[in-house]
Amino acid sequence: MATMSSCFEVCSLPSSTRLLGIEPMCGGENLIVTTEKSVRVYRVRDQKLLHTWSIRQGQQLTSPALFNPRTEEFIVLQNKKTICLWTKDLEHLHKCTKVTVKKPISHLKLLPDADPIIVFDGGSPWWLPCITAAPDTAVLDLLDIEEELVWCDVISRGGGVLVVCVSKEAKTDTQSSSYTAYLCEMLPGNQDTPDYQTLQLTPPDNTSTLLACCVDEHLLSIWSCGSICSHSLDSSLAAAEDGGVVVPGNVLHKLDLPKGGVSSVSMVMLGPHHVGLAMEGRDSVQIWDTKFWTLQANRSLQDVPGTGVDKLYRYGDHMIVARQTSVAALSFSTQPTSLAAVMGKQTAEAAALVAQEWGGPVKKRRHLSAESTALLQKLLDPHQTKALPAFDQAFSQLKSDSEVLGSPAAVCQLVQRVVGQQTFWARRALTELVGTGLLSGSSSPGLFERVEKENDLELWRSCLLHVKEIPEASLVARVRYLLGLDESLLEAGSADVPMETAEQDVPACPLSAAKAALLDQVLSRSYSGPFLQDSLAELQFTQVMVFLRYLHYKLTSAPAPSQGHEGIVVSVDQVVDWLCALVDAHFTQLVLTPESRDVLLGLREVVRQRLQFYQGLNDLDALLAQLKDKSPPLVTKKQDESLYSIRTIQIF
């Protein structure tokens, strides 16, 4: 859980110059506010200006200023190639110590327990003391000529610092831009160019652009379509060591963006499971839980001077909000995330508990052989396997390696390759990949949609059986597909599908036997009621009526758990849950539409009969309990246990 309370203005910003950034003063309670022309230090608790330095006419600052507590020096970049260092006692900035380098610098970064780090425009990170001691050091670029550095941050990792840089490579008008993350691990005292690994940030769709990033244990990214994706840094580094096989990013959540989209979003980490978020077009700040992706707090900024939110920063238990004409501080608090807290059912005693860290051996990642890695890369590259025969031949060679088909990352990437291939349909390969049982609904987006496009019902049924943790929205989409499916596609397999025998006062089944068996497969999957209701609201009303009549039929024809085709069991509880979610999702329309009156009255009659039946059971239970108390035991201890007797009880 998270809350936001008091908000106050720290300082105003001049309209004649651009804000470069705001950084906390390490080891103190102050903020450093840097514009293109000046560096100012403010004390947050009383908003007092403590220090100010300005540069001369014709010069320009190009990075936020930092304060190094080890040397008690301020650091800032001037004109991208000059590093300025000075103490708080200096009166004029032009008298500071200056170090000029050959290549332009993009970022200055600092962690409390490490030396400052500079990141050049080419993406190469270096320790600041190494560069100031030898400004002419040869610096090699990590980025290609076509790439541009768009984001950078640092985090503590083990005994060193992990530098994460994200680059953008512009494509042609018909292609979207590609994004690459460079992960560099820097160790104290190492003066050589650090090794790095690359991680491809794949957009959720072909038209999306990257809006914001933040990094903690994972790299979170927000895209222009509203999707929030996560990449595991540990898995990415380990996968890169396996020959470049990178685990794809998971789409965690999709934000509700303003109409017309947004061009800028700011995101900042507030703890292990919380982020602060602000976006263009909304004059407010939000706190999101990153474990379950629920909105925890939302606060308007109408009481703070200025408009919009340019960027968010964290300063202790405050969020620093940079607006167009002012800087504000917003206090917040977060609590450990749990499912009970998200659903509002956490007690005070449970909130006070501390999560136990369980130690134990970590399972070592399996490394693929060089031959398997080469074959996998060949299958993943559309240019090397352009036709179906070439793809099937490479897959036949690859599937003999049990390590590949036993790796969830490799299986997921191969499925995405098959699903995204529009020029041919690799059915045989996809059938074997689905049969491994390593796919989940979240790791295989577009799988069902592509199978449904091919109208391959046998493979569709296999996906339902083997894909784990299918989201509720996907289950409802499968219901929508079945309700609109042409009956001619089912005629071949409809003869061997059993159906319950129609009885008196039981409504007729509105679906064919084959379609009903497939629908039972969907109904038998696990689900969550609230999410199911939200997804069912997207069904068209004609589909709602057919689905409602089928659920009514299942409820009346199968009072006990019914076993359908291929051993699929649909319990009464599951039928009732789907019925309740469907009625709640379309309650108003069902009440006001005359066509739904007969089925609603039928459901009401079913409820009345069930209540009457259970009331009779309760009466019978009470009567039998009285007879048991008053009657002698049917078998005494003296009687032989092998004997038995029959007693007739007549109830008047």
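## What to know about the packing of helix H12 (residues 472-483) against helix H15 (residues 541-557)
Next up, step 1: For the pair H12 and H15, the least separation of the axes is 10 Å and the interaxial angle reads 90°. With respect to their mutual orientation, H12 and H15 come out roughly perpendicular. Along its contact with H12, which presents Val-479, Arg-480 and Leu-483, the element H15 presents Gln-543, Val-546 and Phe-547.
Next up, step 2: Residues of the contact of H12 with H15, tallied by class, amount to 4 nonpolar, 1 polar and 1 charged.

## Describing unusual backbone geometry
Next up, step 1: In this model, Gln-47 sits at a positive phi of 55°, which is unusual for a non-glycine residue.
Next up, step 2: Its place among the elements puts Gln-47 in the loop between strand S4 (38-43) and strand S5 (48-54).
Next up, step 3: With a relative accessible area of 32%, Gln-47 lands in the partly exposed category.
Next up, step 4: Positioned with a positive phi, Glu-72 is a non-glycine residue whose angle comes to about 55°.
Next up, step 5: Inspection of the secondary structure puts Glu-72 in the loop between strand S6 (66-68) and strand S7 (73-78).
Next up, step 6: Its relative accessible area of 55% is what places Glu-72 among the exposed residues.

## Some details on the side chain of Ser-227
Next up, step 1: You can see Ser-227 is positioned in strand S19 (residues 227-232).
Next up, step 2: Setting aside anything within four residues of it in sequence, one finds Ser-227 in contact with Pro-204, Ser-221, Ile-222, Val-251, His-253 and Lys-254.

## Considerations on the packing of helix H5 (residues 370-380) against helix H6 (residues 388-398)
Next up, step 1: For the pair H5 and H6, the least separation of the axes is 10 Å and the interaxial angle reads 150°. As summarised for this structure, H5 and H6 are arranged roughly antiparallel, according to the angle between their axes. Considering how the two elements wind past one another, H5 and H6 form a crossing that is left-handed. Taking contact as the criterion, the partners of Ser-372, Leu-375, Leu-376, Lys-378 and Leu-379 in H5 are, on H6, Phe-391, Ala-394, Phe-395, Gln-397 and Leu-398.

## Quick look at the pattern of salt bridges
Oppositely charged side chains can form a pair if their charged atoms are brought close together.
Next up, step 1: For the coordinates displayed, the defined rule picks out 21 salt bridges.
Next up, step 2: Ionic pairing is found between Arg-478 and Glu-449, a salt bridge with its closest N-O pair at 3.7 Å. Of this pair, Arg-478 sits in helix H12 while Glu-449 sits in helix H10 (residues 447-453), and the two are 29 residues apart along the sequence.
Next up, step 3: Its relative accessible area of 44% is what places Glu-449 among the partly exposed residues.
Next up, step 4: Between Glu-538 and Arg-480 there is a salt bridge, with its nearest N and O atoms 3.9 Å apart. Highlighted residues: Glu-538 in the loop between helix H14 (529-536) and H15 and Arg-480 in helix H12, separated in sequence by 58 residues.
Next up, step 5: Owing to a relative accessible area of 58%, Glu-538 belongs among the exposed residues under this scheme.
Next up, step 6: Arg-480 sits in the partly exposed class, given a relative accessible area of 28%.
Next up, step 7: Several salt bridges share partner residues, and in doing so they unite Asp-392, Arg-428 and Glu-432 into one network.

## Digging into the packing of aromatic side chains
Next up, step 1: All told, the structure shown has 13 aromatic pairs when counted by the stated rule.
Next up, step 2: With 5.7 Å between their ring centres and 50° between their planes, Tyr-182 and Tyr-196 make a pair best called tilted. Remark: Tyr-196 occurs in strand S16 (residues 196-201) and Tyr-182 occurs in strand S15 (residues 178-186); sequence separation between them is 14 residues.
Next up, step 3: By the ring-pair criterion, three or more aromatic residues cluster together here, those being Trp-53, Phe-67, Phe-74 and Trp-86.

## Considerations on the sheet that holds strand S24 (residues 294-300)
Next up, step 1: Ordered by their spatial adjacency, 4 strands build an open sheet running S21-S22-S23-S24, and the pairing between neighbours is antiparallel. Looking along the sheet, the strands with just one partner apiece sit at the ends: strand S21 (265-271) and S24. Strand after strand, the sheet turns through a mean of 20° between neighbouring axes, direction not considered.
Next up, step 2: Direction of pairing for S21 relative to strand S22 (residues 274-279): antiparallel, over a ladder of 6 bridges. Each bridged residue has a counterpart across the sheet, and for Gly-271 the counterpart in S22 is His-274.

## A closer look at the sheet that holds strand S11 (residues 117-120)
Next up, step 1: Read from one edge to the other, the open sheet built from 3 strands follows the order S10-S11-S12, with strand pairing classed as antiparallel. Of all strands in the sheet, those with a lone pairing partner are strand S10 (105-109) and strand S12 (125-127), marking the two edges. The sheet shows a mean angle of 25° between the axes of neighbouring strands, taken without regard to direction.
Next up, step 2: Bridge count between S10 and S11: 4 bridges; the pairing is antiparallel. The residue of S11 that forms the bridge with Lys-109 is Ile-117.

## Remarks on the side chain of Ser-63
Next up, step 1: Relative to the helices and strands, Ser-63 is located in the loop between S5 and S6.
Next up, step 2: In this structure Ser-63 comes out as buried when scored by relative accessible area, which is 2%.
Next up, step 3: Only 3.2 Å separates the side chain of Ser-63 from the backbone nitrogen of Leu-77, close enough to count as a polar contact.
Next up, step 4: Ser-63 has contacts with Leu-20, Thr-34, Val-76, Leu-77 and Leu-108, leaving out every residue within four places of it along the chain.

## Topic: H14
Next up, step 1: Buried within H14 we find Leu-532, Ser-535 and Leu-536. An end-on view of H14 places all buried positions within 95° of arc, on one side of the element. In H14, the exposed positions angled more than 90 degrees off the buried face are occupied by Pro-530, Phe-531 and Asp-534.
Next up, step 2: Buried residues along H14 sit in contact with H12, H15 and helix H16 (572-585).

How each quantity is defined
Residues numbered from 1 in each chain as written. Predicted model: local features only at pLDDT ≥ 70, side-chain atom pairs only at ≥ 80, totals over all residues. Heavy atoms only, no water. Axes fitted to C-alpha atoms, helices over the stretch in contact; angles between N-to-C directions. Helix = DSSP H or I, 4+ residues; strand = E, 2+ residues; numbered from the N terminus. Parallel < 35°, antiparallel > 145°, perpendicular 65-115°, else oblique. Contact = heavy atoms within 4.5 Å. Nonpolar A, V, L, I, M, F, W, Y, C, P; charged D, E, K, R; others polar. Buried < 20%, exposed > 50% of the residue type's maximum accessible area, 1.4 Å probe, protein only. Left-handed = near helix turned anticlockwise from the far one by under 90°. Salt bridge = Lys/Arg side-chain N within 4 Å of Asp/Glu carboxyl O. Phe/Tyr/Trp six-rings, centres within 6.5 Å; stacked < 30°, edge-to-face > 60°. Pairing = 2+ DSSP bridges. Polar contact = N/O pair within 3.5 Å; in protein donor to acceptor, adjacent residues only side chain to side chain. Arc of directions from axis to C-beta.

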